[in-house]
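As a plain string of letters, each chain reads:
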Amino acid sequence: MSKDRPNKLLVVIGGPTAVGKTHVAIQLAQKYTASIISADSRQIYTELRIGVGRPTPEELDVTPHYLIGHTSIHTPYSAGIFVKEVTTLLQSLFQEYDIIIMTGGSGLYVKAFLEGLDDIPHVPDSYKDKWTTLWKEKGLPALLTSLRQLDPVYLEQVDQANPMRLIRALAVSEATGQPFSSFRKGVVTPRDFNVLPFVLELPRDVLYARINQRVLDMLQDGWLEEARTLLPYKHLKALQTVGYKELFEHLEGKMTLETAIQTIQQSTRRYAKRQMTWWRHQGAWQHFSPDQVEEMVKAIEGLRS
């Protein structure tokens, strides 16, 4: 238990996309009269609503939510900014609430807040551009081969299906002449409140079925029309994400809507698989099914007693 604020608790709910994190977070928030902080790297954007699975207006009305739709796609955002915003938020919210819920599928954001950020050197964009070009021309295998030469240690740690992580590591390694892994200290940032981390899980076939249906539901809710309004900004980093990319290609006549839907579903399933793998390697997180809310309540009460 924390010595400074022993009665203050941050409950973190992680897990793959479509597993039901928002629903569980709202149930716990209602029980404990808590507020919710989003840890989703896409739901932060004002212009993105349907395609990022933002909570509905009705859900947002049930309990206070923070860091949802508060930043424009034209404004750079990062895990470092997220950490600063959450730190400031908690200082304020813990004056009013004993329990705060943080939920979202962006593991990097969650990990950055709970464990702190490594001091990774800034490198010129030219290095990133070089490795990005290699990826576009020769694919992931070329990045993996290069990283195996420059930093085999990080190669064993990184999500090898995530080109952005690979490109960043290669750029830093080349620019500094030191392995990217040498800058990753893994020093845990001390917090003056308690943290209880949960991971939500479902059988893979159930989760995949939910993902497939969720894509259809979002299209029914107007996702294609939302993508149409964002097409002029497709080059922005905020829109380099599953779903929007495929819909942009459809709107530009590069694929049929049916193909776009199937591609989105497949890409989202792959993304969820990577998320599940990542969460399974996060140490002492407690794992629950989304319908085990009472068990989560018992875990919370056990920590508070």
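Keep in mind that this is a model prediction, so the values were computed, not measured. (Residues numbered from 1 in each chain as written. Predicted model: local features only at pLDDT ≥ 70, side-chain atom pairs only at ≥ 80, totals over all residues. Heavy atoms only, no water.)

Draft legend 1. Expanded view of the pattern of salt bridges. By the definition in use, this model includes five salt bridges. Across the salt bridge formed by Glu-115 and Lys-111, the nearest N and O atoms sit 3.1 Å from each other. Within this pair, Glu-115 and its partner Lys-111 are both found in helix 4 (residues 107–115), separated by four residues, close to a single helical turn. Judged by relative accessible area, which is 29%, Lys-111 ranks as partly exposed. Between Lys-130 and Glu-174 there is a salt bridge, with the nearest N and O atoms lying 2.6 Å from each other. (Salt bridge = Lys/Arg side-chain N within 4 Å of Asp/Glu carboxyl O. Helix = DSSP H or I, 4+ residues; strand = E, 2+ residues; numbered from the N terminus. Buried < 20%, exposed > 50% of the residue type's maximum accessible area, 1.4 Å probe, protein only.)

Draft legend 2. Seen up close, the nonpolar core. Counting residues in each nonpolar core, the largest one holds 47 residues, and the members touching the most others are Leu-10, Phe-82, Leu-90, Met-102, Phe-113, Trp-223 and Tyr-244. Going through the elements one at a time, strand 1 (9–14), helix 3 (79–93), strand 4 (99–103), helix 4, helix 9 (204–220), helix 10 (223–230), helix 11 (244–251) and helix 12 (257–280) are the ones with two or more residues in this core. Among the elements that make up this core, the one with the highest residue count is helix 3 (seven residues). Apart from residues no more than four positions distant in its own chain, Tyr-244 is found in contact with Leu-48, Arg-49, Ile-50, Gly-51, Val-52, Trp-223, Glu-226, Ala-227, Leu-230 and Leu-239. In this structure, Ile-13, Phe-198, Leu-202 and Ala-272 belong to the second largest nonpolar core, which totals 30 residues. (Core = buried A, V, L, I, M, F, W, Y, C linked by side-chain atoms within 4.5 Å. Contact = heavy atoms within 4.5 Å.)

Draft legend 3. Quick look at the packing of aromatic side chains. One pass over the full model with this rule turns up ten aromatic pairs. Note on Tyr-77 and Tyr-109: the rings are 6.2 Å apart at their centroids and 40 degrees apart in plane angle, and the pair reads as tilted. Residue Tyr-77 is located in the loop between strand 3 (65–66) and helix 3, and its partner Tyr-109 is located in helix 4; the two are separated by 32 residues in the primary sequence. One exposure class covers both Tyr-77 and Tyr-109, and it is buried. On the numbers, 5.8 Å between centres and 85 degrees between planes, the contact of Trp-223 with Tyr-244 is edge-to-face. With Trp-223 in helix 10 and Tyr-244 in helix 11, the pair connects residues that are 21 residues apart, well separated along the chain. For the pair shown, Trp-223 and Tyr-244 are each scored as buried. A connected cluster of aromatic rings, assembled from ring pairs, spans Tyr-77, Phe-82 and Tyr-109. (Phe/Tyr/Trp six-rings, centres within 6.5 Å; stacked < 30°, edge-to-face > 60°.)

Draft legend 4. Broad picture of the environment of Val-83. Within the element layout of this structure, Val-83 appears in helix 3. A residue is classified by how much of its surface remains accessible, and Val-83, at 14% relative accessible area, is buried. Contacts of Val-83, omitting those with residues within four sequence positions, involve Ala-112, Phe-113, Leu-117 and Arg-191.

Draft legend 5. Examining the packing of helix 9 against helix 12 more closely. One way to put it is that helix 9 packs onto helix 12 with a least axis distance of 10 Å and a crossing angle of 135 degrees. In terms of orientation, helix 9 and helix 12 fall into the oblique class. Crossing of helix 9 against helix 12: the hand is right-handed. Listed contacts from helix 12 to Arg-204, Leu-207, Tyr-208, Ile-211, Asn-212, Val-215, Leu-216 and Leu-219 of helix 9 are Ile-261, Ile-264, Gln-265, Thr-268, Arg-269, Ala-272, Lys-273 and Met-276. Along the lines of polarity and charge, the residues of the contact of helix 9 with helix 12 split into ten nonpolar, three polar and three charged. (Axes fitted to C-alpha atoms, helices over the stretch in contact; angles between N-to-C directions. Parallel < 35°, antiparallel > 145°, perpendicular 65-115°, else oblique. Left-handed = near helix turned anticlockwise from the far one by under 90°. Nonpolar A, V, L, I, M, F, W, Y, C, P; charged D, E, K, R; others polar.)

Draft legend 6. Spotlight on the pairing of strand 1. Burial runs high along strand 1: six of the six residues are buried. The sheet contact formed by strand 1 and strand 4 spans five bridges and is parallel. What sits directly across from Val-11, in strand 4, is Ile-101. Both strand 1 and strand 5 (residues 194–200) contribute to a ladder of six bridges, which runs parallel. (Pairing = 2+ DSSP bridges.)

Draft legend 7. Focus on the packing of helix 1 (residues 21–32) against helix 13 (residues 293–304). Where helix 1 contacts helix 13, the two axes come as close as 11 Å, and the packing angle between them is 50 degrees. The angle between helix 1 and helix 13 falls in the class oblique. Helix 13 is crossed by helix 1, and the crossing has right-handed handedness. Packed against helix 1, whose contacting residues are Val-24, Gln-27, Leu-28, Lys-31 and Tyr-32, the element helix 13 presents Val-293, Met-296, Val-297, Ile-300, Glu-301 and Arg-304 at the interface. Here the residues of the contact of helix 1 with helix 13 sort into seven nonpolar, one polar and three charged.

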